[in-house]
Amino acid sequence: MDQTGRPLLRHPRPPGIDTLDFTVRHGLDAIADPRHRAMVADVLSAGLVDRMIALTDSFDPSADLAQARADAEVLTAEFAAFGVTVPAATTANITLMRALMVPIADDALALAVDRIWVFVTTTDDVCCHDRAEAETILRAGMLSGVTASSPNTRYIRHMFGEIARFCDPTFLAAFKSFFYNAITGVLMEAEFTPDASDHVDGDFVRVFNGFSQFWCLTLQFADPCLEASSHRAFWSAALSHGVAFLNDVNDVLSFYKEAVHGEDFAVSRIHRRSLQERIPYLAAYRRSLDSGLAAYRSVLDLATEDQRPHLDRYMTGFAYWHFHCRRYRWSDVYPGLTMIDV
């Protein structure tokens, strides 16, 4: 039971790594580009993804899926009312993500966080493919006197207005700044050349993209021991490591889905690094994986005893969600992995 008296829904834990029935043939036929297919096969054969699955094997995926389901229904209706286009699969996947990573007993707060997580995911996708919309969002948010002129900009004001009920004004100001930093980062990334021959791409642009800072700071809603205004020193020390973890682990666990897509793989950070530094894709992948795991350890080292379980759940749950959410298609490669649906 959770604090509201509702039963928590549990799903069967996945089989151990020895029973996942993996061969390098599974899933590779879905990758059209033979070069990308070979890069993915190298990573899978090296056992690096197996290593990540093994790290999540002890994760207990208890989650209030009834709450996540209810929030998805509310958000679907809201998006329609605002004229915002959000795929139903995105809403379901991201409410599942929040339920796994950040359990929240207060239904109103859970909805406010789900609203932000779902919409930010959609906004990232939209702005990456529509520079004009990114500019519209940035102007509406950062220039006084500019009206909210699109469904997205109107919804952004709504989502921040709803989360404002659960945080102090100083935190809200910082939270908003990270969101608009991310839009600026998207505009910078739009200048990258497909063959990674430009001088725009670099660590500054990646870190400047504030979506990971934005994602990481939502942990302040998980428990009073992580509340940002009362624990500013912790967040000042830990945020860079949290950002590195989210960036790197998302890269290493999205690469199969991106390879199936094709274009997404070509512009991915790992692939661009391999081209820029003239190193094998496997070496670039291994560097991102090692960096993500080092960041995970750094966050936990900085945490107090009270904070550590929440942070560990957040980060382990992030990896677990990638493997068990249909969005990332890992059951194509590891047929023994169970999928969790809201």
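Scroll up for the structure.
Residues numbered from 1 in each chain as written. Predicted model: local features only at pLDDT ≥ 70, side-chain atom pairs only at ≥ 80, totals over all residues. Heavy atoms only, no water.

K.L.:
Sorry, what's going on with the packing of helix α3 (residues 65-82) against helix α4 (residues 88-101) here?
P.N.:
The axes of two packed helices give the description: the angle between them and the distance between them. The N-to-C vectors of α3 and α4 enclose an angle of 140 degrees; their axes lie 9 Å apart at closest approach. Viewed along their axes, α3 and α4 adopt a mutual orientation that is oblique. As for how α3 packs across α4, the hand of that crossing is right-handed. Mapping the contact onto sequence places Leu65, Gln67, Ala68, Asp71, Ala72, Leu75, Thr76 and Phe79 in α3 and Thr91, Thr95, Leu96, Arg98 and Ala99 in α4. The class makeup of the residues in the contact of α3 with α4 is 7 nonpolar, 4 polar and 2 charged. (Axes fitted to C-alpha atoms, helices over the stretch in contact; angles between N-to-C directions. Helix = DSSP H or I, 4+ residues; strand = E, 2+ residues; numbered from the N terminus. Parallel < 35°, antiparallel > 145°, perpendicular 65-115°, else oblique. Left-handed = near helix turned anticlockwise from the far one by under 90°. Contact = heavy atoms within 4.5 Å. Nonpolar A, V, L, I, M, F, W, Y, C, P; charged D, E, K, R; others polar.)

K.L.:
Sorry if this is basic, but what is going on with the packing of aromatic side chains here?
P.N.:
The description of an aromatic ring pair rests on the distance of the ring centres and on the angle between the ring planes. Under the definition given, this model contains 28 aromatic pairs. A centroid spacing of 6.0 Å and a plane angle of 80 degrees characterise the contact between Phe179 and Phe211, whose relative ring orientation is edge-to-face. One end of the pair, Phe179, is in helix α8 (residues 169-189); the other, Phe211, is in helix α10 (residues 211-217), and 32 residues separate them in sequence. Ring centres of Tyr281 and Tyr285 lie 6.4 Å apart, and the angle between their planes is 40 degrees; this geometry places the pair in the tilted category. In this pair, Tyr281 and Tyr285 both sit in helix α14 (residues 281-302), 4 residues apart, roughly one turn of the helix. Residues Tyr281 and Tyr285 agree in their burial class; the two are buried. (Phe/Tyr/Trp six-rings, centres within 6.5 Å; stacked < 30°, edge-to-face > 60°. Buried < 20%, exposed > 50% of the residue type's maximum accessible area, 1.4 Å probe, protein only.)

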